[in-house]
Amino acid sequence: LLRISWDGLGLQSHLRRTMLEAERVRFDSLASLALLASGLARHYPGFGVLFIDDLIESIRYGLEYPDRRRNQRQVAQVRLFGELCNCHYIDARLVFEMLYVFISFRAQDVSHFVDGEAILIDAPGDLFL
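Because the structure is a prediction, the values reported are computed rather than measured.

1. Quick look at the pattern of salt bridges
For step 1, the next point in the chain: Counted according to the given criterion, the structure contains nine salt bridges.
For step 2, the next point in the chain: Asp-28 is paired through a salt bridge with Arg-26; the nearest N and O atoms lie 3.7 Å apart. Each of the two residues, Asp-28 as well as Arg-26, counts as exposed.
For step 3, the next point in the chain: Close ionic contact of Arg-93 with Asp-91 constitutes a salt bridge, the shortest N to O distance being 4.0 Å.
For step 4, the next point in the chain: By relative accessible area, which is 48% here, Asp-91 ends up partly exposed.

2. A word on the packing of aromatic side chains
For step 1, the next point in the chain: Going through the model one piece at a time under the given rule, you end up with two aromatic pairs.
For step 2, the next point in the chain: On the basis of an interplanar angle of 10° and a centroid distance of 6.0 Å, the ring pair of Phe-47 and Phe-51 is categorised as stacked. Taken together, the positions of Phe-47 and Phe-51, both in helix H3 (residues 45–64) and four residues apart, correspond to about one turn of that helix.
For step 3, the next point in the chain: Residue class for Phe-51 comes out buried when judged on its relative accessible area of 1%.
For step 4, the next point in the chain: Measuring from centroid to centroid gives 5.0 Å for Tyr-61 and Tyr-65, while their planes differ by 45°, and the two rings are tilted.
For step 5, the next point in the chain: Positioned above the aromatic ring of Phe-27 is the side chain of Arg-79, whose terminal nitrogen or guanidinium carbon lies 4.5 Å from the ring centre.

Analysis parameters
- Residues numbered from 1 in each chain as written.
- Predicted model: local features only at pLDDT ≥ 70, side-chain atom pairs only at ≥ 80, totals over all residues.
- Heavy atoms only, no water.
- Salt bridge = Lys/Arg side-chain N within 4 Å of Asp/Glu carboxyl O.
- Buried < 20%, exposed > 50% of the residue type's maximum accessible area, 1.4 Å probe, protein only.
- Phe/Tyr/Trp six-rings, centres within 6.5 Å; stacked < 30°, edge-to-face > 60°.
- Helix = DSSP H or I, 4+ residues; strand = E, 2+ residues; numbered from the N terminus.
- Lys NZ or Arg CZ within 6 Å of the ring centre and 35° of its normal.

Without other data, these values stay purely geometric and don't point to any function.
Following this line, the structure appears as structure tokens:
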């Protein structure tokens, strides 16, 4: 990949799109995909920045528009994000920011209204006894 000319062929965008399809890679091999991405980013810094940006955007899209058909892709992309931290390409601060996004996403949407009254989705006293 380093010997190929990266100018004008759309190779970077095609490679980013292909690498974002992390669900097509075996789950055990996502660490190798992260190493490949970080290795390419050392030689082509623009590729690395756009790849991380696309990965975070795809993860956020999966949170905003949940779809059961995208579950495998979502899990694989989050694992790829973690593997990028393991190979020291992204900082742990960014991982903690994404963890905060996971925890706090839709935290404000804990109730809905029926006839003007708020009904808690998961009421505190709702227990299986």
